[in-house]
Amino acid sequence: MKNTFGNNLKVTIFGESHGPAVGAVIDGITPGLEVDNKFIEKLLERRRPNAKTDTARSEKDPYQIVSGVFEGKTTGTPITIVIPNGDTRSKDYQYGVARPSHADYAAFCKFHGFEDYRGGGHFSGRITAGLVATGGILIPALEKKGIRIGTHILKCGPGADRQFENIERDIELLQNSEFPVLEESEGQKMTDYILEAKGNLDSVGGITQTIISGLVPGLGEPWFDSVESMISHAVFSLGGVKGIEFGMGFEFANQTASSCNDSFRMSNGSVITVTNNNGGINGGITNGMPVLFQCVVKPTPSIAQNQQTVDFKKNQNAELVIKGRHDPAIIRRICPVLDSVTAIVVADLLIGRFGTDFLFSK
């Protein structure tokens, strides 16, 4: 099993949903970075279920940093973050009966029945808490270098949010929003849609949009470590994400080159593009424009409706009504997770090009 991501900055995740704890180990990090506990707590709170559109599971996330930080600064040695689990109800999970669109059967095939199935075990979205805590260290360090990251819900049911406009202002808005949208009225449409699904014992998906501003041109590689492939690698580690597109994405299929090429111009001595249809990336490498990508997030597969399935222990067909507490949509809670995994990729790319001390600010 591979649980480590990164070439230069490496992040390893650990834990199971109903085990003692989840967390992350960060290796290759810059020494001297300020660790802002209030920012980490705020980011974890944005991921935590705390709204009527979320699961009723209570996650307090009282994290502890047990290595790699001394007197409020990173030492440069591996950082270990441990987040205890709580409010678990393992009795709600029945081993052998595969929950549709979950990893239960696939995990059984890979781990021969030794996997921890409670709450999805190591496949649970609960594991993302360690990634978010990691983002809580990296995002402020990137911001001190003028690099900002923000994610909002672009589409969910009848709600359609606007595009990023004033990037700095919009990211600030999202970091302080309980429901991450740029237009409150569209967020209310989404909320109503999610609650309607919840009332029908169902769930819904949606589309997120993430922006990275302030990146220098020249980051990334032309082939296997392109910016797109690195971001996609990290983003697809999140089980709810089933699709990604950069810039105009799939809409390119309906365009001609003359209608969608990004024209280059000079502006105050810098090279810019008039449009940003390619999402700030050419040939796998940043071109200095904001990097922009959208993710498709599937409906939460745990629903309290009768579904057809199999009992893979008894090798027979079965039916299942999933018990327990589950999100009618994970689209809200996945936004700070996307910010965090994006920060991991960006930090890894920067350290790879400029060295470990690049993120250090006196």
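Structure shown above.
Position labels on residues start from 1 in each chain and follow its written sequence. The model is predicted, so local features are restricted to residues of pLDDT at least 70 and side-chain atom pairs to those at 80 or more, both for listing and for counting; the totals for chains, interfaces and linings are taken over all residues. Side-chain descriptors were evaluated using all non-hydrogen atoms of the structure, hydrogens and water having been removed beforehand.

S.K.: Residues and numbers for the sheet that holds strand β8 (residues 148-156), please.
M.R.: Only strands that DSSP links by at least two bridges are regarded as paired with each other. Strands are runs of DSSP state E lasting at least two residues, helices are runs of H or I lasting at least four, and both sets are numbered from the N terminus onward. If you trace the five strands from one edge of the open sheet to the other, you get β9-β8-β10-β16-β11, paired in antiparallel fashion. A strand with exactly one partner marks an edge of an open sheet, and here the two such strands are β9 (159-160) and β11 (241-246). Across two bridges, the pairing between β8 and β9 is antiparallel. Among the inter-strand pairings, K155 is bridged to a residue of β9, identified as A160.

S.K.: Give me the nonpolar core: which residues, what numbers.
M.R.: Core analysis: the largest hydrophobic core is formed by 70 residues, its most contacted members being I212, I231, V235 and F293. What makes two residues a contact is simply this: any of their non-hydrogen atoms within 4.5 Å. Ignoring any residue separated from it by four or fewer positions in sequence, one finds I212 in contact with I147, R148, I149, I231, P290, V291, F293, T342 and V346. In this structure, F164, I171, L182 and I211 belong to the second largest nonpolar core, which totals seven residues. In this text, buried Ala, Val, Leu, Ile, Met, Phe, Trp, Tyr and Cys residues form a nonpolar core when linked through side-chain atoms within 4.5 Å. Burial here depends on accessible area, computed with a 1.4 Å probe over protein chains only, as a share of the maximum for the residue type. Under 20% is buried, over 50% is exposed, and the range in between is partly exposed.

S.K.: Can you break down the environment of V271 residue by residue, with the values?
M.R.: Its location among the elements puts V271 in strand β13 (residues 270-273). Measuring from C-alpha to C-alpha, the distance between V271 and L349 comes to 21 Å, with 78 residues separating the pair along the chain. If we ignore the near neighbours within four places in the chain, the residues touching V271 are F264, R265 and M266.

S.K.: A description of unusual backbone geometry should follow, citing residues and the corresponding values.
M.R.: Within the chain, H112 stands out as a residue other than glycine whose phi angle is a positive 60 degrees. By the secondary structure assignment, H112 is in the loop between α2 (104-111) and α3 (128-143). Given a relative accessible area of 60%, H112 falls into the exposed group. Notably, N268 is not glycine yet its phi reads approximately 55 degrees, a positive angle. Topologically, N268 is positioned in the loop between β12 (264-267) and β13. By relative accessible area, which is 81% here, N268 ends up exposed.

S.K.: Any chance you could break down the packing of helix α1 (residues 37-47) against helix α8 (residues 334-354) for me, citing the residues and the numbers?
M.R.: Packing of α1 against α8 brings their axes to within 7 Å, and their N-to-C directions diverge by 135 degrees. Relative to α8, α1 is oriented oblique. Contacts from L43, R46 and R47 of α1 reach α8 at P336, V337, D339 and S340. Here the residues of the contact of α1 with α8 sort into three nonpolar, one polar and three charged. Each axis is a line fitted through C-alpha atoms, and for a helix only the stretch in contact is used; angles between axes span 0 to 180 degrees, taken between their N-to-C directions. The labels follow the angle: roughly parallel below 35 degrees, roughly antiparallel above 145, roughly perpendicular from 65 to 115, and oblique for the rest. Three residue categories are used. Nonpolar comprises Ala, Val, Leu, Ile, Met, Phe, Trp, Tyr, Cys and Pro, charged comprises Asp, Glu, Lys and Arg, and polar comprises the others, including Gly.

S.K.: Go over the pattern of salt bridges, please, and point to the residues and values.
M.R.: By salt bridge we mean one thing: a side-chain nitrogen of Lys or Arg within 4 Å of a carboxyl oxygen of Asp or Glu. Taken as a whole and judged by the stated rule, the model has 15 salt bridges. For R148, the salt bridge is made with E172, and the minimal N-O distance between the two is 3.5 Å. Of this pair, R148 sits in strand β8 while E172 sits in helix α4 (residues 167-175); the two residues are 24 residues apart in sequence, bridging distant segments of the chain. E172 gets classed as partly exposed once you look at its relative accessible area, which sits at 40%.

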